[in-house]
Each structure stands twice: as structure tokens, then as C-alpha cells.
Amino acid sequence: MSDKKSSYQQIFKATSIFGGVQVFNILITIIRSKLVAVLLGPAGMGIAGLFTTTLGLMGSLTNLGLGRSAVRDVSAANATNDEDKISETVSVFRKLVWITGGIGLIATLVLSPLLSFLTFGNYDYTFAFILLSSTLLLGQLTVGQSVLLQGLRKITWLAKAQIYSAVIGLITSIPLYYLYGIKGIVPAILVSSVSVFFIQHYFAKRINIRAQTLTFKQAFQKGNEMIKLGFVLGVNGLITVGTSYVIRIFISHSGSLEDVGLYTAGFAIINTYVGMVFSAMITDYFPRLAAVHQDQPKYNKLINQQIEVAMYIVAPLICVFLIFVNWIIIIIYSNKFLPIVEMIQWGILAIFFKTLGWAMGVLLAAKGHSKHLFWNELIANIYLLAFNIIGYQYYGLKGLGISFLIGYLLHFLQIYFFTKIKYGFNLEKGVAKQFVLFLSVGIVCFSIVQNIQELPAYLLGGTMVIMVSAFSFYQLDKKTDMIKALKNKIRK
């Protein structure tokens, strides 16, 4: 078997595994939300949401983004096959996890009266935040286990851990909601946090790595690059959240709260149901890229392969959403959300450009160039926000979809020329041709739904969906032998 085919198989295998995990997690989330809504009612859901949001914010402010940056260091150390290097990197990371988790716990504990007042407008929930402060430490320790599995590329164990965590989190919390109602919210969060930690720990402890004794000072010195990159990644996350917050405020003031809800629902479809492909891929892609980030031919090859596989998976999904978006909206939400149809149709075309920009942009994080990563993300968020404001001002919800498309086209060009000039990245001609082909099919599907009546559009568009799906399936099988692998698995 050629190295090239083996690489494609690894990409597709990881995507298949974590794509399945993402779908499973979405189903668990839907079940959980439905049960919580029935058992707690709107008020209880509001309280639970405020607790989790506040704890999430405290975590973001204190965890130094280690959950993302450490994957690079662990995977790079693993690529050296140097046991001492791997041991040192993992020991540094584990020490930093305890430190940052402890900071989160202490900060939440000390600020619990203030958090109660800011979150709920009174001090009635101070003791609840005192109890929940422990989840900041548990959460960071859990991240430490999953990063170890991801960085050392134990993808099967990581997938199992994520599935078991989702299931256990559901079955431990729902009985408490059923028995105690709103009073069960805090115990449910605590029990779920403890359960998930032990599940991740169970899989992580199966990895036998010699521990090194380090002082706090040594951990910070040796983990300096890890901390710097993590801090930038954390800040970038806050910038993205802040941008999303500002556009929602603008829509609520210039339009209505109903439009805010429609905007949120529309981009939830784009980012959750299509975006899950990126979530599935990043788990394996980031550590693989980090392992070869100093070898230009290797990372050029890997990025092009990742783009190729991503396009084969994303293109059929985009076409399905373009043609059948009305029915998808009705199934997921209701008829009341049909005003977002055009917004989604314009916005989902942006996923073509987002796929390329995402695959190339990961290189900045893999190389650990925090300044380059920060400025690229900041600039992109500034013009995305500007386009969103202009788009909504002149074209309403549809304008938000158009602005999303323009924004990600520019983002792709920005990242492409930056990585080409700075790192010598080249988009292979074959991959570029595939991209143009899929983009053309997407534009044809878009034109069908914009210019042809409903029934003929479904028939013609459905034919296009079948054709692009068949082509993608053929190409994936050609590069990965997935049918052969599936047959062998069935025989076994």
C-alpha cells in the first residue's frame, strides 16, 4: 500500500470515527434538551443555562487555552519517538493543568458572591457557586486526559471516551432533575462532571508514560510556548464570541428580537450540522499536522489531502442543504423559521471557502506562531463583523447570508496568500480543480432553488445531489479502499 493511500485512509478513518461521535453527541444533546425542558420547565432551563454559561466563562478566563495548545506539543513530542521528550512534555502539561484548574477553582470560590449577583441579580446562589467551583478543576483535569489521548493519537479510545461521557452525563443528570426538579441542577452538574472525569481518566491511564517531578517554576518555564499559544487561542475564542455578541446586539436594536432568534437558528444549522465535519476532522488533523509542521513537503501534502477529503464530504452536504433547506428547517424547528431559508442558502455556499481556509489556517496553530494566528483571526473577525452589519442593514436576514459568503471568501484569500508567502504552502492543481468543480455544482444547485419552482427544483436538485454524492463516494473509495475495508470488517 502506498504512503499516499495510507494517509488518505488515516484522514478518512479519523473523520468517520469522530463524525459518528459528533452525530451521536448531537442526538444526545437533543434528547437531553427535550427531557430537561419537560422536567424543569423554562425557568429551570434558564437557571441551568446561566450556571453552565458562567462556569464556562470562568473556565475560559483561567484555563489558558491549554486544551488546544497542548495538543500541538504532545503530538510533536510523540513524533520524535523520544521517550524522555514525551515524558517531559506530558509532565509539564499535567502540572499546568493542575495549576490552571486550581486557579479556576479558587477564583470561582472567592468570586462566588459576585458571580451570584451578576448572574442572578442576588446572592441566593452563592453557596451553589461554591459547590460548583470544584467543576473548574475537574473540567481542566478532564481536558488533560482528552488532550493526552488526542496528542498521542489514540483516536479509538478518545472516540469511546467521548461517547461514554455523553451517555453517562445524560443518565446521571436526568434522574436528579426528575427527583428534585430545579434543586437537582447543582447536584446534576457536579455528578456529571465527576462521571465524565473518571471516564476520560480510565482511558488515559491505559497510556503508560513515565512521570517527571517538576516544580511550578519549571513547569511554567518549560511550558512557556504552550502557555503563549494557548493564551492566544483563548483570546481568539473570546474575540469570536464577542463578535457574535455584537452582531446580535446590533440586530436586536436595528431589527427585532425575533430576527436575533432567526439569525441564531440559521447559523446553528450551518455551524452545527455542516460544521460538525470540521469538528470531526480537527481531532486527528491538528496533531498530525503539528507532528510535521517543520517539514514543508510533508505539511503541504497533508493539508492538500485534508482539503480533498473534506471537500468530498462537505460538497454533498452543502447541496442537500441548498435543495432541501425548507424541509430541514421545518423538521429541526418549525414553519415559523422559514424566513431564514435565503440566509442559509447564501451562507452555506461560504462553507466551500471555509473548508479551504480552515485546513490552511490550522497550520498557524500547528507551528505555534501565536502572533500570526492572533492577527489573522482579529482582522478576519473585524471584516466579518463589518460585512454582517452592512448586510443586515441593507438586505435583512438574507444580507447576513451574503455577508457570511463574502467574509469567508476574503478569509480564504487572506489565509491562502499568508501561508503561501510565509510558509511556502501550495494548493495542488488537482485539488484546486476539484474545488472549482464542487463550487460550480454548488452554484448550479443554488441557481436551481432560486429560479425554478418547488417540485421541478426538488427533482432536478435531487438529481444533482445524487450525482455529486456518487462522485464523492467513488473518489473516496478510490483513495481509501473504504468498500474493501468495510467488506473485510463484515467478514471478520
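Source: prediction; values computed, not measured. (Residues numbered from 1 in each chain as written. Predicted model: local features only at pLDDT ≥ 70, side-chain atom pairs only at ≥ 80, totals over all residues. Heavy atoms only, no water.)

## Some points on the side chain of Gln475
Rules: Numbered from the N terminus, helices here are DSSP runs of H or I no shorter than four residues, and strands are runs of E no shorter than two. Burial status follows relative accessibility: with a 1.4 Å probe on protein chains alone, a residue under 20% of its type maximum counts as buried, one over 50% as exposed, and anything between as partly exposed. Whether two residues are in contact is decided by their heavy atoms: any pair within 4.5 Å suffices.
Turning to its location among the elements, Gln475 is positioned in helix H17 (residues 454–480). Judged by relative accessible area, which is 10%, Gln475 ranks as buried. Beyond its immediate chain neighbours, meaning those up to four positions away, Gln475 contacts Tyr312 and Gln434.

## What about the packing of helix H6 (residues 134–151) against helix H8 (residues 185–204)?
Using the following cut-off: An axis is simply a line fitted to the C-alpha atoms; with a helix, the fit covers only the stretch in contact. Between two such axes, the angle follows the N-to-C directions and lies from 0 to 180 degrees. Throughout, the term roughly parallel applies to angles under 35 degrees, roughly antiparallel to angles over 145, roughly perpendicular to angles from 65 to 115, and oblique to all others. Handedness of each helix crossing follows the sense of rotation of the near helix against the far helix: counterclockwise by less than a right angle gives left-handed, clockwise gives right-handed.
Two numbers describe how H6 lies on H8: the axes approach to 9 Å, and their chain directions differ by 25°. The angle between H6 and H8 falls in the class roughly parallel. Taken as a pair, H6 and H8 cross one another with a handedness that is left-handed. Where H6 abuts H8, its residues Ser134, Thr135, Leu138, Leu141, Thr142, Gln145, Ser146, Leu148 and Leu149 lie against Ile189, Leu190, Ser193, Val194, Val196, Phe197, Gln200, His201, Phe203 and Ala204.

## As for the environment of Phe197
Summarising the element assignment, Phe197 is placed in helix H8. Put simply, Phe197 and Leu138 are 59 residues apart on the chain and 6.5 Å apart in space, counted from C-alpha to C-alpha. Those residues in contact with Phe197 that lie beyond four places of it in its chain are Leu138, Leu141, Thr142 and Gln145.

## Quick word on the confidence of the model for the chain
Worth spelling out the cut-off: A residue's pLDDT is the predictor's confidence in that residue, given on a scale from 0 to 100.
The predicted model of the chain averages 81 in pLDDT, with 87% of residues at 70 or higher. Averaged pLDDT values over the elements of the chain bottom out at 64 in helix H18 (residues 482–491) and peak at 93 in helix H5 (residues 126–132).

## Section: the nonpolar core
Convention followed: To define a nonpolar core, start from buried Ala, Val, Leu, Ile, Met, Phe, Trp, Tyr and Cys residues and group those joined through side-chain atoms within 4.5 Å.
Membership of the largest hydrophobic core comes to 121 residues, with the highest contact counts inside it found for Leu289, Ile303, Ile307, Phe352, Met360 and Leu400. Ignoring anything within four residues of it in the chain, the contact list for Leu400 reads Ile247, Ile251, Tyr263, Phe267, Met343, Asn388, Gly391 and Tyr392.

## Some words on the packing of aromatic side chains
For the record, the criterion: Each pair of aromatic rings taken from Phe, Tyr and Trp, with Trp reduced to its six-membered ring, is defined by centres within 6.5 Å and is described as stacked if the planes are under 30 degrees apart, edge-to-face if over 60, and tilted in the remaining cases.
A full pass over the atoms with the stated rule returns 19 aromatic pairs. Relative to Tyr416, the ring of Phe412 has its centre 6.1 Å away and its plane inclined at 35°; by these criteria the two rings are tilted. Of this pair, Phe412 and Tyr416 both sit in helix H15 (residues 370–423), four residues apart, roughly one helical turn. Owing to a relative accessible area of 16%, Tyr416 belongs among the buried residues under this scheme.

## Regarding helix H4 (residues 112–120)
Where we set the bar: Read the arc as the range of directions from the helix axis to the C-beta atoms.
Within the sequence span of H4, burial applies to Ser112, Leu115, Ser116, Thr119 and Phe120. Looking straight down H4, one finds that the buried residues subtend no more than 100° of arc, so they occupy a single side. Phi turns positive one or two residues past the end of H4, at Gly121, with a value near 80°.

## A look at the side chain of Gln140
The topology assignment puts Gln140 in helix H6. Here Gln140 is in contact with Asn63, Leu66, Val97, Thr100 and Gly101, once residues within four sequence places are set aside.

## Focus: helix H14 (residues 341–367)
Selection rule: By this rule the span expected of a helix is its residue count minus one, scaled by 1.5 Å. The bend at a residue is defined as the angle formed between two axes, one fitted to the seven residues ending at that residue and one fitted to the seven starting there.
Its 27 residues place the ends of H14 39 Å apart at the C-alpha level, agreeing with the 39 Å of an ideal helix rising 1.5 Å per residue. Of all the bends in H14, the largest measures some 35° and sits at Phe353. Most of H14 sits inside the fold, with 25 of its 27 residues counted as buried.

## Digging into the packing of helix H16 (residues 429–451) against H17
Defined as follows: Polarity classes work like this: nonpolar for Ala, Val, Leu, Ile, Met, Phe, Trp, Tyr, Cys and Pro, charged for Asp, Glu, Lys and Arg, and polar for all others, with Gly in that last group.
The contact between H16 and H17 brings their axes to 9 Å, and the two run at 165°. Judged on the interaxial angle alone, H17 and H16 are roughly antiparallel. Like other packed secondary-structure pairs, H16 and H17 cross with a definite hand, here left-handed. The segment H16 lies against H17, with Gln434, Leu437, Phe438, Val441, Val444, Cys445 and Ile448 engaging Ala457, Leu460, Gly461, Met464, Val468, Phe471, Ser472 and Gln475. When its residues are assigned to classes, the contact of H16 with H17 shows eleven nonpolar, four polar and no charged.

## So, the environment of Ala159
Along the chain, Ala159 turns up in helix H7 (residues 155–180). According to the relative accessible area criterion, Ala159 is buried, its value standing at 5%. Sequence spacing of Ala159 and Ser146 is 13 residues, and the spatial spacing of their C-alpha atoms is 9.8 Å.

## Some remarks on the environment of Val143
Locating Val143 in the fold gives a position in helix H6. Judged by relative accessible area, Val143 falls into the partly exposed class, the value being 26%. Residues Val143 and Leu66, spaced 77 residues apart in sequence, show a C-alpha to C-alpha distance of 8.4 Å. If near-sequence neighbours (up to four positions away) are discounted, Val143 is found in contact with Gly67 and Phe93.

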